[in-house]
Amino acid sequence: MVTKHMLKYGTPVIAGVTPGKKGEEVHGVPVYDTLRQVCSEHEINTAIIYVPPAFVLDAVLETLDNNIKLMVVITENIPQHDVMKLLLEADNAGARVIGPNTVGAINPKERVRLGAIGGDNVERCFVPGCVGVISRSGGMTSETSYMVKRAGLGVSTAIGIGGDSLIGSPPKGLLALFEKDPDTQAVVSFSEPGTSFEEDVAQFVAEGGFTKPLVTYVAGRFTESMPEGTIFGHAGAIIEGGKGKPSTKIKMLRDAGVHVVDRYDDIITVLQSLNLEGVRAHAATSER
Amino acid sequence: MAEHQIPVPRFFVAGNEAEAIEKAEALGCEVVLKALVPVGKRGKAGAIKFATDAKSSGEAARQLFGTVVRHYPVKQILVEEKLAIDQELYVSITLDKPARKIAILASSAGGIDVEEISAKYPDRMKILRVDPFRGLADFQAKQLWAELGLGGAVLRQATDVLIKLYKVFVKFDCTILEINPLVITKNAKVVVAASLMAVDDCAMYRHPELAAYVQLGSDRAWRPMTALEKQVVQVNEDDPYRGTARYTEMDGGDIGFMCGGGGGSLMMFDALLSYGCKPANYTEFGGNPPERKVFGLVKGILSKAGVKGLILSANISNNTQVDVVARGVVGALKDKAIDPRKFPVLVRFAGVNDTAAREIFKEAGVEYYGEEISMSMAAKKMMEKMKQTYPGSQESQAASGA
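In this report, the structure presented in the accompanying data block is examined. Just so it is clear, the structure is predicted and the values come from calculations on it, not from any experiment.

Glancing now at the interface of chain A and chain B. In this assembly, 50 residues from chain A lie in contact with 43 residues from chain B. Elements that contribute at least two residues to the side of chain A that touches chain B include exactly helix 4 (80-93) and helix 5 (138-150) of chain A. Per-element tally for the side of chain A that touches chain B: the top contributor is helix 4 of chain A, with 7 residues. A per-class count over the side of chain A that touches chain B returns 23 nonpolar, 17 polar and 10 charged.

Structure, rendered in structure tokens:
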């Protein structure tokens, strides 16, 4: 289903790899036994990894071995020791991993979508525009992009970074990329309890690493009144040893000059108040 | 530990007071009695007692068996020989996620909480980050203890123990293995006196031998799991590879809460509290679950006493088929003989196949919304619906204070 959706959107899916299935086709895409076979016949720059948890580490090593520098690891519930190893190897190879446990990423202008993101009706949430979107939650990547659309704007690139605490692309590094991206004028992020992702972002913004407007909503305030060490939602959403509290994140982000909204729906009004380019032009086209 | 040749005190497990006396007699020395409960900082929680002989160990056992340590009633205790302590060390092995390495934290000031060590004795604490592919080399372990002031035969033993602990950490896919204290006895033996070990749920398929010792999903509760929670874990495990359904029971509450997605559920729960609603549980589901998983989940949610309404609010789905979810929800309502025209049920769920879903919900009499209202608006509407259905009810109007 995902391959079909990606092709329909216009994303060139060159080949698939499933051991023992060489010669078959999926929606017209040829299948090979190994990535080496694919790379000897095609130019590949991105890999999407969908294999079950026990095989992900090997799949990532195979991808790195074939010199592919961008991979999206969709699989959830991978043993943490495996994730640590695959991220270390990717770091050492200078490759970027999005995920694990991610819905994927999308660039509506280039019509590139990696993974299930956008579902069967991409334009419902994702229209081209100047706002970057970052979220641990795949669903909230779409919902937040829909908020951007309701504000009369569109998305430059939206990335579901994955719901675990051990991931390849935390928000700080992505903000560094958005800072350099001429198509992005502002970024909206959806934040959650646990990890130090938001604290790292606050420091990065305070140090001048990201200078465009950043709007964020911090979810899960109620978790602070629950006993520590309990997971709510994503595996990464856990307050431990007093670290990862939404209230701390909110304070640090506000102190750094980030627009932290109290109610999720306020993302719309804050975005509209930023006077970003192309608001009107896009509002007209999104009405159709 | 003992199976992996790591030195531990001689010990027995006792299930009652008489057994504790018998085991203490068998040990024939001063003993330590420890409640077997899955919580840290047991000393502070009063879960550890000392006894000089068999008789006083009976007294100590009686005290322990009568207690509940952080929600966990004491059902078994460990009776072990009391070590003649010369020095207490601390060592823990964890995953250093940002560094993508295995971190070993060691200190020559053991026996107290690690937070206290780092506050009071930062110079007696060392961190070693280990490349998981290369593993922990003997010389690294030796160097670590030497830097903390160990020498002689004790240095060699502590090195050996640390290498073995590292192997256990890796072999069992641990997320933490903490030894506090690691004791140096008066006759210069290095012995693991207390340990805390957590195994990664995601790696349990590699460790069937541990299945009897762990409760899956226990990191999503702060107390022993309730019958309903275990029931939903079973519903989830019945279809292990298709979708996820999680259920955490909250204290009290009157609204069954169901949300799609980890992030959305955090946001929705906050939104409901902000409007004065009282959710009876925390539930998130996703990953395109089959109908029977949704059915089992909703049945569980509606089974809790005091639940007088149900809200299902989710973000616009990327791959979860909303019509499949709709059939599961409607089926569970039917199974529980609930008429959504009288019992408040509100759904906000747009996404894959939502046209069909709208029809299914409408036909069943469920108030359904797609993307025409936001998730926060759904929370507000639910609050109004509860007030309308149960006018004057205290529960639906109480402010949460959150």
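What follows is about the sheet that holds strand 11 (residues 186-191) of chain A. Residue and element names in this part refer to chain A. One open sheet holds the 7 strands; their spatial order is 8-7-10-9-11-12-13, and the pairing between them is mixed. Since the sheet does not close on itself, it has two edges, and those belong to strand 8 (112-114) and strand 13 (259-261), each with one partner. Sheet twist, expressed as the average angle between the axes of neighbouring strands with direction ignored, equals 15 degrees. Judged from the 5 bridges that link them, strand 9 (residues 128-135) and strand 11 form a sheet pairing that is parallel. Each residue of the ladder has a partner; that of G132, found in strand 11, is V187. The strands touched by helix 5 within the sheet are strand 9, strand 10 (155-160) and strand 11, with strand 9 carrying the most contacts at an inclination of about 150 degrees.

In this section: the sheet that holds strand 3 (residues 29-32) of chain A. Each strand in a sheet pairs with its neighbour through backbone hydrogen bonds, running either in the same direction (parallel) or in the opposite one (antiparallel). Residue and element names in this part refer to chain A. One open sheet accounts for 3 strands, arranged 1-3-2; its pairing is mixed. Every other strand in the sheet has two partners, leaving strand 1 (16-17) and strand 2 (25-26) as the edge strands with one partner each. One ladder, built from 2 bridges, connects strand 1 with strand 3; its direction is parallel. Within strand 3, the residue paired with G16 across the bridge is V31.

Here we take up helix 1 (residues 17-27) of chain B. All names here are of chain B. Where helix 1 is concerned, the buried positions are A20, I21, K23 and A24. In a view along the axis of helix 1, the buried residues occupy a sector of 165 degrees, so they form one face of it. Facing away from the buried side of helix 1 by more than 90 degrees, the exposed set consists of A18 and A26. Tucked inside the fold, the buried residues of helix 1 contact strand 1 (11-14), strand 2 (31-35), strand 3 (48-51), helix 2 (54-65) and strand 6 (77-81). Of the residues flanking the end of helix 1, it is G28, one or two places downstream, whose phi is positive at about 65 degrees.

Ranked by size, the top nonpolar core spans 170 residues in total, and within it A:I49, A:V131, B:L165 and B:M382 carry the most contacts. Per element, the largest residue contribution to this core is 8 residues, and it comes from helix 9 (residues 322-335) of chain B. Taken together, domain 2 (85-211) and domain 3 (221-395) of chain B each give at least three residues to this core, which thus spans both. For A:I49, the contacting residues outside a window of four places in its chain are A:V56, A:A59, A:V60, A:M71, A:V72, A:V73, A:I74 and A:T75. One finds B:A24, B:V31, B:A35 and B:A61 within the second-largest nonpolar core, a separate group that totals 16 residues.

Bringing the environment of B:F133 into the picture now. Residue and element names in this part refer to chain B. With respect to the helices, strands and loops of the structure, F133 is situated in the loop between strand 9 (125-130) and helix 4 (138-147). For F133, a count of 9 C-beta atoms within 10 Å puts it in the exposed group. Spatially, the C-alpha atom of F133 lies 17 Å from that of T175, the residues being 42 residues apart in sequence.

Right, let's get into helix 6 (residues 171-180) of chain A. All names here are of chain A. Considered for burial, the residues of helix 6 that qualify are P171, K172, L174, L175 and F178. For helix 6, the arc enclosing every buried residue in end-on projection is 160 degrees, short of the 170-degree limit, so these residues lie on one face. In this structure, the buried residues of helix 6 make contact with strand 9, strand 10, strand 11 and helix 7 (197-206).

Cut-offs applied
Residues numbered from 1 in each chain as written. Chains lettered and ligands numbered in written order. Predicted model: local features only at pLDDT ≥ 70, side-chain atom pairs only at ≥ 80, totals over all residues. Contact = placed C-beta atoms within 7 Å. Helix = DSSP H or I, 4+ residues; strand = E, 2+ residues; numbered from the N terminus. Nonpolar A, V, L, I, M, F, W, Y, C, P; charged D, E, K, R; others polar. Pairing = 2+ DSSP bridges. Axes fitted to C-alpha atoms, helices over the stretch in contact; angles between N-to-C directions. Buried ≥ 20, exposed ≤ 12 C-beta atoms within 10 Å, placed from the backbone. Arc of directions from axis to C-beta. Core = buried A, V, L, I, M, F, W, Y, C linked by C-beta atoms within 7 Å. Domains from an automatic or database assignment.

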